[in-house]
Amino acid sequence: MYPPSRKDFISVTLSDSHSHTYNNGKHRRQSCWRKWKQLSRLQRSFILFLLAVVLLFGLLSYPSITERWRGKQWLNLMILCGPLLVVSTGSVDRLEVVRDAFRHAWKGYKAYAWGHDELKPISKSFGEWFGLGLTLIDSLDTMWIMGLKEEFVEARNWVEKELSFNKNVDVNLFETTIRILGGLLSAYHLTGDQLFLEKAKDLGSRLLPAFKTPSKIPFSDVNIGKGTAHPPRWTSDSTLAEVTSIQLEFRELSHLTQEPQYQEVVDEVMKLVHKLPGKQDGLVPMFINTNSGQFTHKGVFTLGARADSYYEYLLKQWIQGGKTEDSLLEDYLQAIEGVKKHLVRKTGPSRLTFIGELSHNRFNPKMDHLVCFLPGTLALGAHSGLPGDHMDLAVQLMETCHQMYKQMETGLSPEISHFSLQASDGLDVVVKPADRHNLLRPETVESLFYMYRFTKDTKYRDWGWEILQSFNKYTKVPGGGYTSINNVRDPVNPGPRDKMESFFLGETLKYLYLLFSDDMEMLSLEKYVFNTEAHPLPIWPSPPK
Ligand code: DMJ
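Right, let's walk through the structure included here. (Residues numbered from 1 in each chain as written. Predicted model: local features only at pLDDT ≥ 70, side-chain atom pairs only at ≥ 80, totals over all residues. Heavy atoms only, no water.)

1. Comments concerning the site of the ligand
Argument step 1. By nearness alone, every residue bordering the ligand is listed as I178, R179, L370, R441, P442, E443, F503, E507, T532 and E533.
Argument step 2. Measuring from an oxygen atom of the ligand, one finds a side-chain N or O atom of E507 at 2.8 Å.
Argument step 3. In the model, an oxygen atom of the ligand is placed 2.6 Å from a nitrogen or oxygen of the E533 side chain.
Argument step 4. Contact with the protein chains covers 92% of the free accessible surface of the ligand, which is 290 Å².
Argument step 5. One can see that the ligand is located within the second largest pocket.
Argument step 6. Those elements that place two or more of their residues in the shell around the ligand are helix 9 (173–191) and helix 20 (502–516).
Argument step 7. Of the residues belonging to the shell around the ligand, the class tally is 4 nonpolar, 1 polar and 5 charged. (Near = heavy atom within 4 Å. Polar contact = N/O pair within 3.5 Å; in protein donor to acceptor, adjacent residues only side chain to side chain. Areas by Shrake-Rupley, 256 points an atom, 1.4 Å probe, with all protein chains shown as cover. 1 Å grid on protein atoms, 1.4 Å probe; cavity = no way out; pocket = protein on both sides within 12 Å on 5 of 7 lines; lining within 4 Å. Sits in = over half its atoms within 2 Å of the grid points. Helix = DSSP H or I, 4+ residues; strand = E, 2+ residues; numbered from the N terminus. Nonpolar A, V, L, I, M, F, W, Y, C, P; charged D, E, K, R; others polar.)

Rendered as structure tokens:
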């Protein structure tokens, strides 16, 4: 039962290294059983298969028995092929369960929210944010990757016939770029269908007015019909993560169209931020002013909301551009040093490594679920030739993100966790009442995908599998769709929120599918870089040296 007591947790984590201290038969049996349970389904199936083969040969060597079975070839076939079937379905099952989850989510969207932004699965209605079919466009490449052709074609036809950006509507530059522009570009790359590129180009041009500011740091909002842009009503600041996490998409648009204006505006933002004072060892504040181009609200540093994907896009732009843009790499390496120096700590009870926040030199042991993108990004960097200790940190943080799920009664992570620094018998993860919700976010399964791709350690798949089962148990809505919930600590009444975020289909289910797929060439990380909404974009070929 969740949450495990500290004693349970320690006995699980220590069981491998201390198994020699078990000296009686009962303990040996328990230890064996525990080890058996730690194997992946594929490994277990393989061992069972070998045992079955050995058993079969043993039996066949006894003439009296084989005599009785003569003519019963079906039985021999069963014995031989049964384990083989288990072996071959070992990983396929999980893929099918993700596909089923997608179909279920799509069923609700199609029935009650078709062409609208988000499904409200409990009230069987929809919510509108920009009025641009957000969920549908965010899901296009997921359907393509999962081989859901019928669903894909239907959605593609909606894009052709119904999607128009000529609308008097204010959209958020960042959200529209990562979800819609990113979704269209990736759909174009996967399918080669010009329709998606034309739509991407139309949208990209309509977003450009956001960059017409005194500082060239873009406004947060653009009216894509009128061609006007503005900051939020209460401030002239933009969010740091928002203005520095639109680059992969705009750069790719220039690459495809051979029109430089898209890349120029976003490169300019990176150049300005690169030389801006107010960072602390590469860590950036959360706001930047569109008039002055300076950081505001200085002295507060987080890897969570409002800053997270700044760090992610430093690395990913460097990878996208063929590892040639040195200032991006420099900023990324410096930032990770800053993270290690100021934000990494271990919990008191179980020595879990986590990332906290810094507020005017005061450390706050608070970690957003959003920060769980970091193990994946660190692993991607280490895989791309960056220091090996980035991978060590990734492994430790991945364990913590896993515990953020495992220690909750529903097996689902809260939106925000606080970590205990006291070396007492208490829990590592403390959740405040206001932070108990779960929005079906992807960051942990995203990182599990990278960790599995780079290590092939099947525990990462098993952790993803547990998460998927918890989503199915506590967030699946009969009739179609999945819902965000209010309370991950209450399995009896998790409190459905009546909202299915588009990133559940665009990211969460896609990363789970890729995590369970044995096809490492499917969206190879040597060829593609995923934007922050899980839309794969090609890595550009390196220029000749
Ligand atoms: C997504 O829109 C993106 O992953 C973004 O970078 C962070 N927030 C959501 C998912 O949690």
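Now that the structure has been shown, we can carry on.
2. With respect to the environment of K406
Argument step 1. Structurally, K406 can be placed in helix 17 (residues 388–406).
Argument step 2. Residues K406 and I467, spaced 61 residues apart in sequence, show a C-alpha to C-alpha distance of 8.7 Å.

3. Quick word on the layout of surface pockets
Argument step 1. Computed from the structure, the second largest pocket encloses a volume of approximately 1,100 Å³.
Argument step 2. Lining of the second largest pocket is provided by 43 residues; of these, W129, N172, F174, E175 and E242 occupy positions nearest its centre.
Argument step 3. Listed by contribution, the elements that provide at least two residues to the lining of the second largest pocket are strand 3 (170–172), helix 9, strand 6 (237–239), helix 11 (240–243), helix 14 (308–320), helix 18 (443–455) and helix 20.
Argument step 4. A total of 4 residues in the lining of the second largest pocket trace back to one element, the largest contributor, which is helix 9. (Points joined across faces, edges and corners; volume = space filled by probe spheres on them.)

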